Amino acid sequence: MSIDWITVAAQIANFLVLVWLLKRFLYRPILDGIDAREAEITARMQEAAQQKAEAAAVEAEYQQKLRALHVAQSEMQEKVRKEAEAQRDALLAEAQQRMEHEHENWQAHLDDEARKYAARLHAAGADALLSLTRKALSDLADETLEARMAHQLVRKIRPMTEELRRAAGQAGAATITSRDPLPPKVQETLTADLTALFPGTSVGFETDTEQAPGLVLRMGGAQVAWSIDSYIDGLDALISDQLARGADLKVQGNGH
Amino acid sequence: MNLSPDQTIILHLWGVPINATIFYTWVVMALLTVVSMLITHNLRPDVPPNRWRTTLEVIVQGIQGQIEEIAQGPSRRLLYFSGTLFLFVAMSNLLLVVPGFEPPTSSLSTTTALAISVLIAVPLFGVSSRGVVGYLKTYLQPSFVMLPFNIISEFSRGISLAIRLYGNIMSGAVIAAILLGIAPFFFPVVMDVLGLLTGMIQAYIFAILATVYISSATAPRTRNQHDKDTP
């Protein structure tokens, strides 16, 4: 057990060199690395906290936008619903109006058709009545319808001779209008009868296809007429009554 | 029987004889340095740490933790000194198991050199921390009467450090050599295991005592001083 002082000196030098070497190649790199890593971790944690805060802010903003979007969506849905209802009501009103208009048109057309039918029925009834009357008169009394109409007109004029004369004034002309031209014999008979009632009066004959079957006497501002309109109206009433009865019976039959 | 490796000449460099103590010290130094260089040469922040780097970090941080507990604060300079003491002694004692290796710590010259280093380091750290006057005042505490005792205490610390380490390591080596002669197949293995244990304990004790001595000579440290200490 002895101390070699040269070795001691060498070992002190060796130890100092080792301190420097380990400081250079071990402690400093390791500690600096740890410090750098700690700094990096701290920075990352701060960055993460910042990003988390930013994410929270973005999330809050997103939630707010989402809520606003939902509100806007509800408002838009409500608006669209109201518009749709308004449009539906408008379309329904338009359709109803159009339907009513068409119904009115149809009713007018129906009424027009009814009027035309009534007119045709009236004309046909008049023709039939005239024809039947003419045939009956011819067969039973050997008379013409025009002669009997002239006779009837004269009979109707006779009680009101004075009134007609006053109404005719100084004109001195009488015009007899018929739908069809009167036979000459009837014209002569009428001329003679009127001349007898109103002396000095000239008698003229005219035709009017629009006029109802019958005779019309015009003297100045006065007018006396005999037509078969009343008969034809009675015939129309009779036919309408029969048709109505037939319709009632049909309805009752269907009801049973 | 050769009790000290100082007397074993391994080689001559430019005519200078190199004994086993110095040679194996160089081996330990080379081993520590090369291993450190290999592990830390590509140490960059962008490279993830591997298991070797993690091992070194655990060792260095363990040493740093022990120093911070004793010195009441971080000090890189103290880490360089005490850590190197620990690693050198521990590695020397660990290599005891290698056949033919003679641990430098079994030489009284080595332990004396380490003790002298501690003896020199204590006033240096003290002066660096407290200033010359502040450090010298510690020898007069609690009163000037204690000055000779403080000086004796300072030197006896170094001597006790040196003798303790040398005695333990050398005795282990000597006992292993004796038992090798008596029972060559069993006892040496047990003694080697015991030698490893005592060697690690001695390394720890040596480094801890050195740290205690140095830190007792320095003022209590704070985190702010750590930045000033860092070179």
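See above for the structure.
Attention in this report is confined to the structure presented alongside it. (Residues numbered from 1 in each chain as written. Chains lettered and ligands numbered in written order. Predicted model: local features only at pLDDT ≥ 70, side-chain atom pairs only at ≥ 80, totals over all residues. Heavy atoms only, no water.)

### Looking at the sheet that holds strand 3 (residues 214–219) of chain A
Residues and elements named next belong to chain A.
Next, step 1: Overall, mixed pairing links the 4 strands, which are arranged 2-1-3-4 in an open sheet. In this open sheet, the two strands that pair with only one neighbour each are strand 2 (202–207) and strand 4 (222–227). Across the sheet, the axes of successive neighbouring strands diverge by a mean angle of 15 degrees, strand direction being ignored.
Next, step 2: Across 6 bridges, the pairing between strand 3 and strand 4 is antiparallel. The residue bridging arginine 218 from the neighbouring strand is glutamine 223, located in strand 4.
Next, step 3: Sheet strands in contact with helix 2 (residues 145–157) are strand 3 and strand 4, and its direction is about 140 degrees off that of strand 4. (Pairing = 2+ DSSP bridges. Helix = DSSP H or I, 4+ residues; strand = E, 2+ residues; numbered from the N terminus. Axes fitted to C-alpha atoms, helices over the stretch in contact; angles between N-to-C directions. Contact = heavy atoms within 4.5 Å.)

### Here's the deal with the pairing of strand 4 of chain A
Next, step 1: By the alternation rule, side chains of strand 4 of chain A split into Ala222, Val224 and Trp226 of chain A, which are all buried, and Gln223, Ala225 and Ser227 of chain A, of which none is buried.
Next, step 2: The antiparallel pairing of strand 3 of chain A with strand 4 of chain A creates a hairpin that spans 2 residues between the two strands, and glycine 220 of chain A there sits at a positive phi of about 55 degrees. (Buried < 20%, exposed > 50% of the residue type's maximum accessible area, 1.4 Å probe, protein only.)

### Some points on the pairing of strand 2 of chain A
All names here are of chain A.
Next, step 1: Of the pairings in the sheet, the one linking strand 1 (residues 173–178) to strand 2 comprises 6 bridges and is parallel in character. From the neighbouring strand, alanine 174 faces strand 2, where its bridge partner is valine 203.
Next, step 2: Crossover strand 1 to strand 2 through helix 4 (residues 184–197) is right-handed. (Right-handed = clockwise from strand over helix to strand, strands pointing away.)

### Let's talk about the packing of helix 1 (residues 5–141) of chain A against helix 1 (residues 20–40) of chain B
Next, step 1: In contact at an axis separation of 9 Å, helix 1 of chain A and helix 1 of chain B are set at 5 degrees when each is read in the N-to-C sense. When the axis of helix 1 of chain A is compared with that of helix 1 of chain B, the two are roughly parallel. Residue-level inspection shows Thr7, Ala10, Gln11, Asn14, Val17, Leu18, Leu21, Leu22, Phe25, Leu26, Pro29 and Ile30 of chain A of helix 1 of chain A in contact with helix 1 of chain B, the latter providing Thr21, Ile22, Thr25, Trp26, Met29, Leu32, Thr33, Ser36, Met37 and Thr40 of chain B.
Next, step 2: Of the residues that constitute the contact of helix 1 of chain A with helix 1 of chain B, the class distribution is 14 nonpolar, 8 polar and no charged. (Parallel < 35°, antiparallel > 145°, perpendicular 65-115°, else oblique. Nonpolar A, V, L, I, M, F, W, Y, C, P; charged D, E, K, R; others polar.)

### Observations regarding the interface of chain B and chain A
Next, step 1: Of the residues lining the interface, 43 residues belong to chain B; the matching set on chain A comes to 31 residues.
Next, step 2: In total, chain B and chain A occlude about 3,400 Å² of area from one another, counting both sides; carbon and sulfur atoms represent 71% of this.
Next, step 3: The three residues of chain B that bury the most area against chain A are Arg76, Tyr80 and Thr84 of chain B, which together make up 16% of that side's buried surface.
Next, step 4: If you look at where chain B meets chain A, you find 3 salt bridges.
Next, step 5: In this structure, arginine 76 of chain B and aspartate 35 of chain A form a salt bridge, with 2.9 Å as the shortest nitrogen-oxygen distance.
Next, step 6: At the junction of chain B and chain A, the tally comes to 11 residue pairs in polar contact (both at pLDDT 80 or more).
Next, step 7: Only helix 1, helix 2 (51–71), helix 3 (76–94), helix 4 (108–130) and helix 6 (147–182) of chain B provide two or more residues apiece to the side of chain B that touches chain A.
Next, step 8: Sorting elements by how many residues they give to the side of chain B that touches chain A places helix 1 of chain B first, with 10 residues. (Buried area = accessible area lost by both parts, 1.4 Å probe. Salt bridge = Lys/Arg side-chain N within 4 Å of Asp/Glu carboxyl O. Polar contact = N/O pair within 3.5 Å; in protein donor to acceptor, adjacent residues only side chain to side chain.)

### Looking at the nonpolar core
Next, step 1: With 51 residues, the main nonpolar core has Leu26 and Tyr27 of chain A together with Phe81, Leu85, Leu87 and Val118 of chain B as its most contacted residues.
Next, step 2: Taken together, the elements giving at least two residues each to this core come down to helix 1 of chain A together with helix 1, helix 2, helix 3, helix 4 and helix 7 (187–217) of chain B.
Next, step 3: The biggest single contributor to this core is helix 1 of chain A, with 11 residues.
Next, step 4: Counting residues in each nonpolar core, the second largest holds 28 residues, with Met149, Leu164, Val186 and Trp226 of chain A among its members. (Core = buried A, V, L, I, M, F, W, Y, C linked by side-chain atoms within 4.5 Å.)

### Focus on the pattern of salt bridges
Next, step 1: Under the counting rule described, the total for this entry stands at 15 salt bridges over all chains.
Next, step 2: In this structure, arginine 76 of chain B engages aspartate 32 of chain A in a salt bridge whose closest nitrogen and oxygen atoms are separated by 3.2 Å. Of this pair, arginine 76 of chain B sits in helix 3 while aspartate 32 of chain A sits in helix 1, placing the two residues on different chains.
Next, step 3: Measuring nitrogen to oxygen at the nearest pair gives 3.5 Å for the salt bridge that ties lysine 135 of chain A to aspartate 139 of chain A. One end of the pair is lysine 135 of chain A and the other is aspartate 139 of chain A, both in helix 1 and 4 residues apart, which spans about a single turn.
Next, step 4: Among the residues examined, lysine 135 of chain A registers a relative accessible area of 51% and is labelled exposed.

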